[in-house]
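Coordinate inspection notes
Spelled out from the first residue to the last, the chains are:
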Amino acid sequence: MRQLPVVFKRELASYFATPLAYVFIVIFLVLSGVFTLYLGSFFERAQADLSAFFTFHPWLYLFLVPALAMRLWAEERKSGTIELLMTLPITRSEAVGGKFLAAWVFAGIALLLTFPMVITVNYLGEPDNGAILTGYIGSWLLAGGYLAIGSCLSALAKNQVIAFILTACVCFLFIVSGFPLVLDAFSGWAPQALVDAVASLSFLTRFDAISKGVLDLRDLLYFASLILAWLAATAVVVDLKKAD
């Protein structure tokens, strides 16, 4: 993995070479603030915490992260630069990992820029900063899960719009897999083990636990396994599609 840092630096720099990075960050910060302060009734709740802030992240990421992920491979295939990339002395794993890490770090930068929210709640009261920290960790892991899915689906599609739609749809399925409406559809005919397995796939179930200050090893392993599985699938798709 010697060339992974090279790919990572190239990809991260490319974000800030275009207006995309700044547009993404501004939209994320504005929507995070609006959702928290107005839809989340931040001041009306009269509680010094960021639960209202983290509640909307799964839904906010559902539209913003696919927009970030759609360019990972679809743009390379459409412009024809993927052939050049594959001729460089780098492995598939290094290319996939470097691109993903660059997008993930960029998402992390956007997330860190919401620090005024942390300052605000500490000014207004005495929040549980440990829970806030785990909330940020959970949010970043959630963004990583979305990006890993988006990376694979971007490799499948030449068109960025199609990659965006596919990623949003698949991520939505992962969100609602723990909803009673979905589980009820399985419980009528499927064994309980299958119902439990479907419920365990839910992003919301895992993220809610972490955002409340509970860092369970099972939740961390869930996100790590999900990210690695989708990145492995990305490497396979890139190899299969390199001649298209």
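Quick caveat: nothing in here was measured; it's all calculated off a predicted structure.

So, how was this worked out
Residues numbered from 1 in each chain as written. Predicted model: local features only at pLDDT ≥ 70, side-chain atom pairs only at ≥ 80, totals over all residues. Heavy atoms only, no water. Helix = DSSP H or I, 4+ residues; strand = E, 2+ residues; numbered from the N terminus. Buried < 20%, exposed > 50% of the residue type's maximum accessible area, 1.4 Å probe, protein only. Contact = heavy atoms within 4.5 Å. UniProt positions renumbered as here; feature names shortened; annotations may be inferred. Patch = residues over 30% accessible without salt bridge, like charges linked within 9 Å, V, L, I, M, F, W, Y side chains within 5 Å. Areas by Shrake-Rupley, 256 points an atom, 1.4 Å probe, with all protein chains shown as cover. Salt bridge = Lys/Arg side-chain N within 4 Å of Asp/Glu carboxyl O. Expected span 1.5 Å × (residues − 1). Polar contact = N/O pair within 3.5 Å; in protein donor to acceptor, adjacent residues only side chain to side chain. Axes fitted to C-alpha atoms, helices over the stretch in contact; angles between N-to-C directions. Parallel < 35°, antiparallel > 145°, perpendicular 65-115°, else oblique. Left-handed = near helix turned anticlockwise from the far one by under 90°. Nonpolar A, V, L, I, M, F, W, Y, C, P; charged D, E, K, R; others polar.

1. A word on the overall build of the chain
Regarding its fold elements, the chain presents 15 helices and zero strands. Out of the 244 residues belonging to the chain, those deemed buried represent 46%. Put simply, 77% of the contacts in the chain that link residues at least 6 apart link residues at least 24 apart.

2. Concerning the UniProt feature "transmembrane region" (unreviewed entry) in the chain
Sequence positions flagged by UniProt for "transmembrane region" (unreviewed entry) are, in local numbering, residues 12–38, 50–69, 101–124, 130–149, 161–183 and 219–238. Each end of residues 12–38 is marked by a C-alpha atom, and these two atoms are 33 Å apart; helix forms 89% of the span and strand 0%. Segment residues 219–238 splits into 100% helix and 0% strand. End C-alpha atoms: 29 Å apart.

3. Some remarks on a nonpolar patch on the surface
On the surface, L133, I137, L215, L217, L220 and L221 cluster together into a nonpolar patch covering about 530 Å² of accessible area. Among the secondary structure elements, those contributing two or more residues to the nonpolar patch are α10 (129–156) and α15 (217–241). The dominant element in the nonpolar patch, judged by the number of residues it contributes, is α15, at three residues.

4. Some thoughts on the environment of A102
Mapped onto the elements of the fold, A102 is located in helix α8 (residues 92–112). Counting along the chain gives 90 residues from A102 to L12, while the straight-line C-alpha distance between them is 4.8 Å. Every residue in contact with A102, bar those within four places of it in the chain, is listed here: F8, E11, L12 and Y15.

5. Concerning the side chain of T167
Counting through the fold element by element, T167 comes out in helix α11 (residues 160–176). Those residues within four positions of T167 in sequence are excluded, and the remaining contacts are P66, Y146, G150 and L153.

6. A word on α10
In a regular helix each residue adds 1.5 Å, so 28 residues correspond to 40 Å; α10 covers 41 Å between its end C-alpha atoms and thus fits that length. Where burial is concerned, most of α10 is hidden: 22 out of the 28 residues are buried. The backbone nitrogen of G130 has a side-chain oxygen 3.1 Å away, supplied by the residue at the start of α10, namely D128.

7. Some details on the environment of W230
Within the secondary structure layout, W230 lies in helix α15. Residues W230 and C152, 78 residues apart in the sequence, show an inter-C-alpha distance of 6.3 Å. Look past the residues within four positions of W230 in its chain and what remains in contact with it is A148, I149, C152, V170 and F174.

8. Regarding the packing of helix α5 (residues 57–69) against α10
Two elements in contact, α5 and α10, have axes separated by 9 Å at closest approach and are oriented at 40°. Our classification of the angle between α5 and α10 gives oblique. In terms of crossing hand, the pair formed by α5 and α10 is right-handed. Residues H57, P58, Y61, L62, V65, L68 and A69 of α5 form the contact with α10, whose own contacting residues are S139, L142, A143, Y146, L147, G150, S151 and S154. Its residues assigned to classes, the contact of α5 with α10 comprises 10 nonpolar, five polar and no charged.

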